[in-house]
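Spelled out, the chains give:
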Amino acid sequence: MELGHEILVSEEEAEEINREYPGEIPLREINLHRSRFPGMVRKKAFIFDGLGNFYNKEWDLAEGVGKEFCWYHVELPKANQKLFQYAQYLISVLCPPLKLQDILSLVSNGPFCALVDGALIFRVNSAGPPSSDFTFRIAARVTENSVITVSLGRVPRLGFSQMPETLLDEVPRLESPRSRGQQKEGPGTVIQDHVLEFFLINNHSEKADNPVSKSVSNLLVHIIDTHVDQLQDVVAKLEMELDSVEFELDIGGLDLKKKMLDDRKFPKMHLNLQRLLQVIAHGEQVFPRVKEKCASKHWFASEDTVALEELIGRLRRLRENVGFIANRVSAIQAGLDSWQAEQINRKLYYLSFLSIIFLPLSIITGVFGMNVGGVPWTEQRDPKLKDGFRNVMFVCLALLLLVLLCFIFPFLYSRIAEWRRTTLKRSWSLNRKSFLNRTLRDSSEQRSGYLRI
């Protein structure tokens, strides 16, 4: 891989560069191009001969000739930065020959697909913090002999390289708990737990279905395919995380449930799922339009149109799967909410039980602690009104009966109204029956008065 600007890279970045793009790939003459933002933007430039071979090339944004076509990829930093900063990065590496309209079309948020100055430009950029694992941005400018792509962070399987021998080519062997930490000879390679979990999340091989593109249409399908694979990896990781959380909830106790409620784990997961659904929805809007606009181009192969249709179907199935995961998250959150409500009700039950115990005591102390010296009818010096306390109790009892009557009156009114409706209905039915009987009897008498001829 060739970095299009002169910067100092760390040892880890150098190892990653050498691993993704080994030195076996033939190199053409490379001219370094100094960028205004060194260290912020990673650039890759390749040229394809149309026969299944590709080479590193200089960053000149030139188009290929004949069957040759060029691919220029810009990898923006996955950091919390604003859109105008990303626009400045693209201006520094893509202008000229690109115009400001092209830069804005590539860096803006939301779905977009249109023909701009004869070039097909599309983007699937989701809004959200760029450092989030659920924020995806992929944009491309496609012409007959060149492709310019912009991504947020590294996209797995996006580049072409001759992969060295990896753990996927080894015969695996399980490590027994007793022999852990001891070196034991035997056929096969021991696979650790975290390594196996990583391969389960990334459930596609780096070597499978990743041939070198022979045309611009092949390269365009490859770019969209890697984007869908990246979304699939995130969904698989979410499913595994949700399975582990459900298992922990089944065997966990009160502390674990309280911790999940305090951390707001499931609301955050639900928010991430909504962001992921937004990205998938953007893809469902953009990729059919890309297929429609590319179908009329002579350089776009018919088999690649079929491949685009299959990728659109994968997106639809992926959206359904994310919807199922969102329903699972909502069900678990509803279960935790009901458990929390049950705990609150239990505490309120204990509190109400204590109030039932102390309520009679408070009533007794309140009654016998009243000072009725200044209340009317309670003048203690007047012998005719010596029962002032009793008079006050009678007044309190009358007020209590009045309050109870106010609460009972709606119920009594509804019962009385229902009884009246029932009585009226019964009397109406009896009157109707008697009227019918009289009518039938009179008609029979009238018929009996006539003689049969």
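Our structure is the block above this text.
Residues numbered from 1 in each chain as written. Predicted model: local features only at pLDDT ≥ 70, side-chain atom pairs only at ≥ 80, totals over all residues. Heavy atoms only, no water.

### Quick word on the overall build of the protein chain
A tally of regular secondary structure across the protein chain gives nine helices and nine strands. With 453 residues in all, the protein chain has 35% of them scored as buried. Partitioning the contacts of the protein chain with sequence separation of at least 6, the portion at a separation of at least 24 is 65%. Accessible surface for the protein chain amounts to roughly 28,700 Å². Of this, 58% is attributable to carbon and sulfur atoms. (Helix = DSSP H or I, 4+ residues; strand = E, 2+ residues; numbered from the N terminus. Buried < 20%, exposed > 50% of the residue type's maximum accessible area, 1.4 Å probe, protein only. Contact = heavy atoms within 4.5 Å. Areas by Shrake-Rupley, 256 points an atom, 1.4 Å probe, with all protein chains shown as cover.)

### Points about the state of the cysteines
If you walk through the whole model with that rule in mind, you get zero disulfides. Among the cysteines around cysteine 113, which has no disulfide bond, cysteine 294 carries the closest sulfur, lying 7.4 Å off. Using a relative accessible area of 2% as the deciding quantity, one classes cysteine 113 as buried. (Disulfide = S-S within 2.5 Å.)

### Here's the deal with the nonpolar core
The biggest cluster of nonpolar side chains holds 59 residues, and the ones touching the most others in it are Trp71, Phe122, Val142, Phe266, Leu276 and Val290. For this core, the secondary structure elements donating two or more residues are β1 (42-48), β3 (69-76), β5 (119-125), β6 (137-142), α5 (216-251), α6 (254-263), α7 (265-294) and α8 (302-368). The element best represented in this core is α5, accounting for 14 residues. If near-sequence neighbours (up to four positions away) are discounted, valine 142 is found in contact with Ala119, Leu120, Phe122, Val147, Val216, Leu220 and Trp299. The next biggest cluster of nonpolar side chains, apart from the first, holds 26 residues, and it includes Ile47, Cys70, Leu90 and Leu152. (Core = buried A, V, L, I, M, F, W, Y, C linked by side-chain atoms within 4.5 Å.)

### What about the packing of α5 against α6?
Between α5 and α6, whose axes approach to 8 Å, the crossing angle comes to 135 degrees. Comparing their axes, α6 and α5 come out oblique. In terms of crossing hand, the pair formed by α5 and α6 is left-handed. Facing Val245, Glu248 and Leu249 of α5, the residues of α6 in contact are Leu256, Lys257 and Met260. Its residues assigned to classes, the contact of α5 with α6 comprises four nonpolar, no polar and two charged. (Axes fitted to C-alpha atoms, helices over the stretch in contact; angles between N-to-C directions. Parallel < 35°, antiparallel > 145°, perpendicular 65-115°, else oblique. Left-handed = near helix turned anticlockwise from the far one by under 90°. Nonpolar A, V, L, I, M, F, W, Y, C, P; charged D, E, K, R; others polar.)

### Digging into the pairing of β5
The buried count for β5 comes to seven of seven residues, which makes it a mostly enclosed element. Burial along β5 is two-sided: the residues Ala119, Ile121, Arg123 and Asn125 and Leu120, Phe122 and Val124 are all buried. Inspection of the sheet shows strand β4 (residues 110-116) paired to β5 by seven bridges, in the antiparallel sense. Considered in β5, the bridge of alanine 114 is made with isoleucine 121. What sits between the antiparallel neighbours β4 and β5 is a turn of two residues, in which aspartate 117 has the positive phi angle 55 degrees. Bridging between β5 and β6 involves six bridges; their strand directions are antiparallel. Of the residues in β6, the one forming a bridge with isoleucine 121 is arginine 141. (Pairing = 2+ DSSP bridges.)

### Some words on the packing of aromatic side chains
Going through the model one piece at a time under the given rule, you end up with 10 aromatic pairs. A ring pair is formed by tryptophan 59 and tyrosine 72, whose centres lie 5.4 Å apart and whose planes are at 80 degrees; its orientation type is edge-to-face. Of this pair, tryptophan 59 sits in the loop between β2 (54-56) and β3 while tyrosine 72 is found in strand β3, placing the two residues 13 residues apart along the sequence. For the pair shown, tryptophan 59 and tyrosine 72 are each scored as buried. Ring-pair connections join several aromatic residues into one group, and the members of that group are Phe46, Phe48, Phe54, Phe69 and Trp71. (Phe/Tyr/Trp six-rings, centres within 6.5 Å; stacked < 30°, edge-to-face > 60°.)

### Describing the pattern of salt bridges
This structure, assessed with the given rule, holds 13 salt bridges. The residue lysine 99 makes a salt bridge to aspartate 117 at a minimum N-O spacing of 3.8 Å. With lysine 99 in the loop between α2 (83-94) and α3 (100-107) and aspartate 117 in the loop between β4 and β5, this residue pair connects regions lying 18 residues apart in the sequence. In terms of burial, lysine 99 and aspartate 117 fall into one category: exposed. The shortest N-O distance in the salt bridge between glutamate 309 and lysine 291 comes to 2.4 Å. Separated by 18 residues along the polypeptide, glutamate 309 in helix α8 and lysine 291 in helix α7 bring together distant segments of the chain. Looking at glutamate 309, the relative accessible area reads 34%, which means it is partly exposed. Judged by relative accessible area, which is 22%, lysine 291 ranks as partly exposed. Salt bridges sharing common partners tie together Arg157, Asp225, Asp229 and Arg314. (Salt bridge = Lys/Arg side-chain N within 4 Å of Asp/Glu carboxyl O.)

### Structural notes on the sheet that holds β1
An order of β2-β1-β3-β7-β6-β5-β4 is seen for the seven strands of this open sheet, with the pairing classed as mixed. Of all strands in the sheet, those bounded by a partner on one side alone are β2 and β4. Across the sheet, the mean angle separating the axes of adjacent strands is 15 degrees when strand polarity is ignored. Lying on the sheet, α2 is in contact with β1, β3, β6 and β7 (146-152); it crosses β3 at an angle near 145 degrees. Together, β4 and β5 form the strand contacts of α7, whose direction differs from that of β5 by roughly 170 degrees.

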